[in-house]
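# Coordinate inspection notes
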Amino acid sequence: MSNGHEVNDVLIIGAGPAGVSAALSLRDVGLRPLLIDRAADVGSSWRARYDRLRLNTGRRTSHLPGRPYPVGTAVFPTRDQVVAHLEHHAGESGIEQLLGTTVTRVDRDGSYWRVDTSAGPLWSRQVVVATGYEHTPVMPNWPGLDGFDGAVLHSSAYRNAEPFRDGRVLVVGAGSSGMEIVYDLAVGGADSAWLAVRTPPNIMLRALPGGIPSDYLATPLFDAPSRLVDPLARLGGRITVGDLSAFGLPTPSEGVFARGKRQGRAPVIVDREVIDAIRAGAFEVVPTIAHFDADGVTLIDGRRLDPDVVICATGYHCGLGPILGHLGVLGADGHPRTQGSRAAAPGLRFLGFQSRPGLIGRVARESRAVARSIAAELAARRDERSLARCSESC
């Protein structure tokens, strides 16, 4: 007990893939973690994504620690298969859940961590923060946006093309989600679909020739020197994707691995059908937005568009500042200074705040190291308390 309050051994903030991985690995070493999430369900960020979403990585490299997907799972698991995988294993015995509970602040309280939540304060000896680097949607504040008569929404609110049938839709942002959403709109009945691009992306196919998931190759290459592997990736891109310069998507001068490491962003990963749609003109790639007015948007090249709806596939930030920014554990970009088994502060760890190929599998492996470190620290503290009690009674 701490000041009369019950103390948990380990509290995990976030019940997505990283949080559930941490909970399972801790359970596997004999601990009973408490899993907290602001949503009412496990895997809420996945439940809320668009209907056609699939993993960009193969099922063999994308499962929870020691728990493969069931027989019959797609090579690239669908949104609903990922959700079912998370929900099933988060319900294993030995894992406690506190869902529908928002964490508002984390502070050191003597030798424990105090976690303030919408349900009241909690205390824990160890805390793992696993809310993910794609947590809070980013909405640009373009000039004139407030006066636009059309609708503007973030891609996190997009589900399918049906509400936009026969409409004119501008998707902003050439990441994987932006590419897939504009393709979904183009084949789903939108009258016009545009993709606004600020920085030409590196594009990779989800599957290599023969249907092999590209992450099976990209994952080991990621840790090699970029100057060695980027030429290989560029050659592969010429063969599989080809030159899309005539369609508004020139190949970037910076290689896929060099840019990924420098910016902490994954390349655009899509299926062959999306590349074919670009070449067929199913949607049009245009420069990014300069400003809005009541009737539409002006692009940076001076061209005018009159969309009914603008969908912002403009990314996320991790949103850790309000709850952890005062602890000195975050960098200038708001991301954790350190993560994985290495503690950011005594008894405080971060898991899953990175962008790299095969991320779910990587996080699953890291969660085991996190669990071993936490178990060792808790055992050492128990030994210290036992020794102290023995000294007092002798």
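One can find the structure itself at the top, above this paragraph.
Here the structure is a predicted model, which is why all the values come from computation and not from measurement.

What follows concerns the side chain of T240. Considering the arrangement of structural elements, one finds T240 in helix α6 (residues 226-240). Exposure remark for T240: the relative accessible area of 18% places this residue in the buried category. With sequence-adjacent residues up to four places away left out, T240 is seen in contact with L205, P209 and R272.

Counting 65 residues, the largest nonpolar core has I12, V171, M179, L185, I203, F283 and I311 as its most contacted members. A total of seven residues in this core trace back to one element, the largest contributor, which is helix α10 (residues 359-393). Formed by 21 residues, the second largest nonpolar core is a distinct cluster that contains I36, I323, F350 and F353.

Take the pairing of strand β1 (residues 7-13) next. For β1, the buried fraction is high: six of the seven residues fall into the buried class. Two elements, β1 and strand β6 (residues 122-129), share six bridges in a ladder whose sense is parallel. In the sheet register, I12 faces β6, and the bridge partner there is V128. Two strands pair when backbone bridges link them, and β1 and strand β2 (residues 34-36) are joined in this way by three bridges, in the parallel orientation. Bridging from a neighbouring strand, I12 pairs with L35 of β2. Read from β1 through helix α1 (residues 17-28) to β2, the crossover connection turns out right-handed.

Turning our eyes to something else, we now look at unusual backbone geometry. Phi is positive for D166, close to 70°, though the residue is something other than glycine. By secondary structure assignment, the location of D166 is in the loop between β8 (151-154) and β9 (168-172).

Where α6 contacts helix α7 (residues 256-263), the two axes come as close as 7 Å, and the packing angle between them is 125°. As summarised for this structure, α6 and α7 are arranged oblique, according to the angle between their axes. Between α6, through S226, V229, D230 and A233, and α7, the contact on the second element is made entirely by V256, F257, A258 and K261. Here the residues of the contact of α6 with α7 sort into five nonpolar, one polar and two charged.

Attention shifts here to the pairing of strand β17 (residues 309-312). Side-chain alternation along β17 places V309 and I311 on one buried face and V310 and C312 on a second face that is also buried. Both β8 and β17 contribute to a ladder of four bridges, which runs parallel. Considered in β17, the bridge of L153 is made with I311. Relative to β17, β9 is paired through four bridges, and the arrangement is parallel. In the sheet register, L170 faces β17, and the bridge partner there is V310.

Turning our attention to the packing of aromatic side chains. Here the structure, examined in full by the defined rule, presents four aromatic pairs. Pairing W142 with F292 gives two aromatic rings, centres 5.5 Å apart and planes at 45°, and the pair type is tilted. One end of the pair, W142, is in the loop between β7 (136-137) and β8; the other, F292, is in strand β14 (residues 289-293), with 150 residues separating them in the sequence. A single burial state applies to W142 and to F292, both of which are buried.

Attention shifts here to the sheet that holds β17. Strand order across the open sheet formed by five strands is β8-β17-β9-β10-β13, with parallel pairing between neighbours. Two strands in the sheet have a free side with no partner beyond their single neighbour: β8 and β13 (284-287). Each strand of the sheet is rotated relative to its neighbour by a mean of 25°, with strand direction disregarded. For β9 and strand β10 (residues 192-197), the ladder comprises five bridges, and the chain directions are parallel. Along β10, the bridge assignment pairs V169 with A193. Across the face of the sheet, helix α4 (residues 176-187) comes into contact with β9, β10 and β17 while running at roughly 165° to β10.

Quick notes on the rules
Residues numbered from 1 in each chain as written. Predicted model: local features only at pLDDT ≥ 70, side-chain atom pairs only at ≥ 80, totals over all residues. Heavy atoms only, no water. Helix = DSSP H or I, 4+ residues; strand = E, 2+ residues; numbered from the N terminus. Buried < 20%, exposed > 50% of the residue type's maximum accessible area, 1.4 Å probe, protein only. Contact = heavy atoms within 4.5 Å. Core = buried A, V, L, I, M, F, W, Y, C linked by side-chain atoms within 4.5 Å. Pairing = 2+ DSSP bridges. Right-handed = clockwise from strand over helix to strand, strands pointing away. Axes fitted to C-alpha atoms, helices over the stretch in contact; angles between N-to-C directions. Parallel < 35°, antiparallel > 145°, perpendicular 65-115°, else oblique. Nonpolar A, V, L, I, M, F, W, Y, C, P; charged D, E, K, R; others polar. Phe/Tyr/Trp six-rings, centres within 6.5 Å; stacked < 30°, edge-to-face > 60°.

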